Structure formats: structure tokens, C-alpha cells
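Secondary and tertiary structure notes
Here is what each chain is made of, one letter per residue.
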Amino acid sequence: MDDDLRSVAAARRACESAFAAYRKFLGTDTAHIDAIVEAMARAVEPQARRLGQMAVEETGYGNIEDKRVKNLFNSLAVAEYLRDITTLGLLWRDDASKVAAIGEPMGVVAALIPVTNPTSTIIFKVLSAVKAGNAIVCAPHPRGVECGLETVRVMAEAATQMGAPEGLIQCLDQVTIQGTAELMKHRRTSIVMATGGPAMVRAAYSSGKPTLAVGAGNVPCYVHASKADDLAEVAEQIITSKSFDFGTACVSEQAVIADKSIARELRHELKLKGAYFCTGAEADRLARVIFRGAQAMDPDNVGQSPQVLAQRADFSIPPRTRCLVSEESEIGWQRPLSAEKLNPVLAFYEAHDTEHGLELAQSIAKFEGWGHSAVIHCDEPSVVSEFSTTPVGRVLVNTPAILGGMGYSTDLEPSFMLGTGTWSGSITSDNVTALHLINIKRVAYECRPWRDIFDEYGESGVQ
């Protein structure tokens, strides 16, 4: 049997056993479900660094310490959020209108896992799926199978020890494109949660199943002149966010836009925080390292340190460099570094004035980043309001993009799956949570005499 056949067979077995476990899980008391979710989160906590190390060693992307932080956020912060929400049973009741809403599970969740975040995304999706009363089968990227299997093992073991049915939480151990496609379209699969590259997202939406999927994020970061006195803090936020896990998060900043009056000082502060501004020739070589061609990032150079990228682009940088920066004036594939870059590399634009800064932000978001996120550092509410017309699902104000977007430094829902809305073909622009993994049933009592419709709108002959 070849790899594709083995993967398809594994997907079929997983779907059937997950569906059987889901049927056993139906009707489980919500307090018991909450206890299972808590147990899984607690089980991940002491394993967070080990799982992060496995992810770095297997995929070659990112760094261990930041993977550890991602794993902890998706266990502790997500579990804390889930503790306070109701997903099953009575969600709300309006006595005046005589309508109530009942939450019910969807069934088997097919969870596609990206190679850039192979353990943290599993933690997030498993906790969310089980909180909503579902079974889940994870399909990791082929380069993240071992760390994915181990993450699921830790969580599934904790769940079964708390009384969850065997098979409720699974991970494919044989992964090919054909096997993942079988998982998505299988008759037992109820919904697909897809996080990954454009090809994966297109395949998910073509599976014939309801799908939650996300698009690319070319996140503009506009620094307005009103932040002139806070540029050191702004620079630290930008560099910390973009260098986090070597830029593997699509919600991190991709391009900095600075008003002309503060651009020189912001450059200085960025350099103090660890940014290296490339020469034009260095930037061109760097672009050829990051991209194989238009709309094609080189997967071997995703999530690499600035030192590795500079070495591969054949130029030298200071030893403590945290981020590489390319001065740009154009937006489009003629300048590849104006696109999304899943590594610690930023484009830098100087805006003539506020109007020009807003125009640049709009153009960057529309170029390979429709619907995702945008950041503004600004103390003038009217400018923030105008910036908020950028076609994205979340506008983050005076905060690092990655921490604000995932719901740590803002009060957005904590999530590692950020919807991009119909701007990019996604069904939602929300931060996806367990509340997106339930069906909501309405129970509605008669609240006005049904015969009155004929008095209002015409005779019917009804007696």
C-alpha cells in the first residue's frame, strides 16, 4: 500500500472512531466537559517547552522559547476564556419575546494544522472543539506529524483519564494531501477548521463541508505623528511582535508606515531595539531568499532567524539583530518584500502626511492581506476612526499586532484562528472560538395571535 492509500485509510478509520466517540460524548454534563477541558489545559502546561522544542526540531521553524509561550497562551489563556462561556444547553432566554437559544454540538471537527504553529494550534482547536461537545481529528502538516501526535497524546490522555470516550481526540499519523482531503470530505465530518497556506484553505472550501478557514495577513502598521513622544515604546512593540517566534504568525506586522515628521526618529529607535536596515542590494538578495517567485514563499526560509536569513542572502549583520528592515516606496510583486513575510523581516515606508499614511495602509492591506488585521499607533481618535476603514477584520490600536490580534493585550477573544471575512473568502471575520463550533437551536413560543396576519394583510377564508 502506498503512502496516499495509507493516509486515506487512516483518515477513514479516524473519522469513524471519532464519530463513535462523539455519540458516546453526547449528553455529557457541561460541568464534566468543563472539567475535561481544564484537565487538558493543565496537562499541557508542564509540557509546553518540550512540545515547543519538538516543533522547532521537526519543522525547523521558529524558536523554542516563543513556541513555549504560544503553547502556554493556548492552554492557559484559552482555557480561562472557555471557563466563562456557555456553549451547550441554554445559551440565553428572552421572556418578553418568548424565544430561547439552545447550544448543541456539531459532531466531528476536521482540524487542519499549519507547519508554522504545529503544537499551539492543536492545543487551541482541541480545547475549543471539546468545550463545544465535539470530537476532533487533527491533520498536521507532513513536517509536523511527530510533534502533533505528541501534543494530541498529552491532551487525549488527560481527557480519557477524566472520563472522555476513547477516540474523542485524535491526530492522523499518516498524512498526505489525499488523506487530508479524505478527512475533510468524509461522511462523518461535520465541519472543517483550516489554518494554513492558500492551497490548504482552497482545498478546505472545496471539500463540500462547512468550513472555517483563514486567509493571508499582510498587516500594515501605521505610526502617526501624535506618537512622537512614545517612539521608543512603539519601536519595542513592533520589533518584539515581528521577531516573536521568528515571524511565523500571520498576524504580526509586515510593513511599518511612519509619518515624515517622526520617520527619522522611529528609524533610530527601531535600530536601538535590534532592527537592521538593509541596503538596496541586500534587500533585493533577501527577497530572492524569502520568495521563489510571485506569491511563492520559499518554505525552507520561513521562520528563520535574522542571522540565518542574512547569511543565506550573503550579507553581514550585527550579532544581536532581532529584525531585518527594507526601505520601500512601492507596493506590489515588483517589490516582493511589500508582501506577507513569515519571518522577522519588515518593510518600511515614509508617509508624506496622515492622508498618505492612510492610503499606504489601505494599499498594503489590499495587497495579499485582505480581511486580516491592521495596526495603528496614534493618540488622535479621529485618525484611528479613519484608519478603521482599512478592509480588515481587526484594527489594533497602540499594541503589538501579535499580542493584540490573538487576544492577549486586547479584549478580543483569545484565539489562534483569526477569520478574514468575505474580503478574502472566509465565512467569518471573528477571532474563532468554541462558539463557532456549535449549532444554535431557537425555541420560539407564539407571542401574537396567528390569525391576526389576515386582518393585517388581507382575507384568507380561514375560519
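In the block above lies the structure referred to throughout.
Residues numbered from 1 in each chain as written. Predicted model: local features only at pLDDT ≥ 70, side-chain atom pairs only at ≥ 80, totals over all residues. Heavy atoms only, no water.

Re the nonpolar core
- Among the nonpolar cores identified, the biggest contains 73 residues, and M40, V126, V130, C138 and I169 are the most heavily contacted of them.
- Per element, the largest residue contribution to this core is eight residues, and it comes from helix 1 (residues 3–25).
- The contact partners of C138, leaving out residues within four places of it in the chain, are A111, I113, I122, V126, V152, Q170, C171 and L172.
- Grouped together as the second largest cluster of nonpolar side chains are 23 residues, V223, A258, L266 and F277 included. (Core = buried A, V, L, I, M, F, W, Y, C linked by side-chain atoms within 4.5 Å. Buried < 20%, exposed > 50% of the residue type's maximum accessible area, 1.4 Å probe, protein only. Helix = DSSP H or I, 4+ residues; strand = E, 2+ residues; numbered from the N terminus. Contact = heavy atoms within 4.5 Å.)

Concerning the packing of aromatic side chains
- The full count for this structure, using the stated rule, is seven aromatic pairs.
- Ring plane angle 75 degrees and centroid distance 5.4 Å describe the contact between W333 and F367, whose orientation is recorded as edge-to-face. Here F367 lies in the loop between helix 13 (354–366) and strand 15 (371–377) and W333 lies in the loop between strand 13 (323–327) and strand 14 (345–351), a separation of 34 residues in the sequence.
- The rings of F291, W333 and F367 are connected pair by pair, giving a single aromatic cluster. (Phe/Tyr/Trp six-rings, centres within 6.5 Å; stacked < 30°, edge-to-face > 60°.)

Concerning the sheet that holds strand 1 (residues 89–94)
- Read across the open sheet, the three strands follow the order 1-2-17; overall the sheet is antiparallel. The two strands at the open ends of the sheet, each matched to only one other strand, are strand 1 and strand 17 (438–444). Sheet twist, expressed as the mean angle between neighbouring strand axes with direction ignored, is 20 degrees.
- Pairing analysis gives five bridges linking strand 1 to strand 2 (residues 99–105), with the strands arranged antiparallel. Counted as the bridge partner of L90 is I102 from strand 2. (Pairing = 2+ DSSP bridges. Axes fitted to C-alpha atoms, helices over the stretch in contact; angles between N-to-C directions.)

Some points on the packing of helix 4 (residues 64–83) against helix 5 (residues 120–131)
- It is at 8 Å that the axes of helix 4 and helix 5 come closest, and there the two elements cross at 20 degrees. When the axes of helix 4 and helix 5 are compared, the pair comes out roughly parallel. The two elements helix 4 and helix 5 meet at a crossing, and its hand is right-handed. Across from K70, N71, N74, S75, V78, A79 and L82 in helix 4, the residues of helix 5 making contact are S120, I123, F124, L127, S128 and K131.
- Grouping the constituent residues of the contact of helix 4 with helix 5 by class yields six nonpolar, five polar and two charged. (Parallel < 35°, antiparallel > 145°, perpendicular 65-115°, else oblique. Left-handed = near helix turned anticlockwise from the far one by under 90°. Nonpolar A, V, L, I, M, F, W, Y, C, P; charged D, E, K, R; others polar.)

A word on helix 11 (residues 280–290)
- Along helix 11, the residues classified as buried are E282, A283, L286, A287, V289 and I290. Projected down its long axis, helix 11 carries its buried residues within an arc of 160 degrees, all on one side.
- Where the residues of helix 11 are buried, they touch strand 10 (275–277), strand 11 (291–293), strand 12 (296–297), helix 12 (306–312), strand 13 and strand 14. (Arc of directions from axis to C-beta.)

Things to note about the side chain of S7
- Relative to the elements of secondary structure, S7 occurs in helix 1.
- Contact partners of S7, with chain neighbours within four places excluded, come to Q174, V175, T176, G179 and T180.

What to know about unusual backbone geometry
- Non-glycine residue D314 carries a positive phi angle of around 65 degrees.
- Tracing the backbone shows D314 in the loop between helix 12 and strand 13.
- Given the relative accessible area of 62%, D314 is considered exposed.
- Phi is positive for N398, close to 55 degrees, though the residue is something other than glycine.
- Looking at the element boundaries, N398 is found in the loop between strand 16 (392–397) and helix 15 (401–405).
- For N398, a relative accessible area of 28% corresponds to the partly exposed category.

Some details on the pattern of salt bridges
- Going through the model one piece at a time under the given rule, you end up with 24 salt bridges.
- Across the pair D245 and K67 runs a salt bridge, and its minimum N-O distance is 2.9 Å. Of the two residues, D245 is situated in the loop between helix 9 (231–243) and strand 9 (253–259) and K67 in helix 4; the sequence distance between them amounts to 178 residues. The pair D245 / K67 is uniform in exposure class, with both members buried.
- For R143, the salt bridge goes to D300, with nearest N and O atoms at 3.9 Å. Within this pair, whereas R143 is found in the loop between strand 4 (135–139) and helix 6 (145–161), its partner D300 is found in the loop between strand 12 and helix 12, the two being separated by 157 residues in sequence.
- Through salt bridges with shared partners, a single ionic network connects R50, E150, R153 and E157. (Salt bridge = Lys/Arg side-chain N within 4 Å of Asp/Glu carboxyl O.)

A closer look at the environment of I364
- With respect to the helices, strands and loops of the structure, I364 is situated in helix 13.
- Along the chain, I364 and I257 lie 107 residues apart, while their C-alpha atoms are 10.0 Å from each other.
- In this structure, I364 is in contact with N218, P220, A255, I257, I331, Y349 and G369, ignoring residues within four places of it in sequence.

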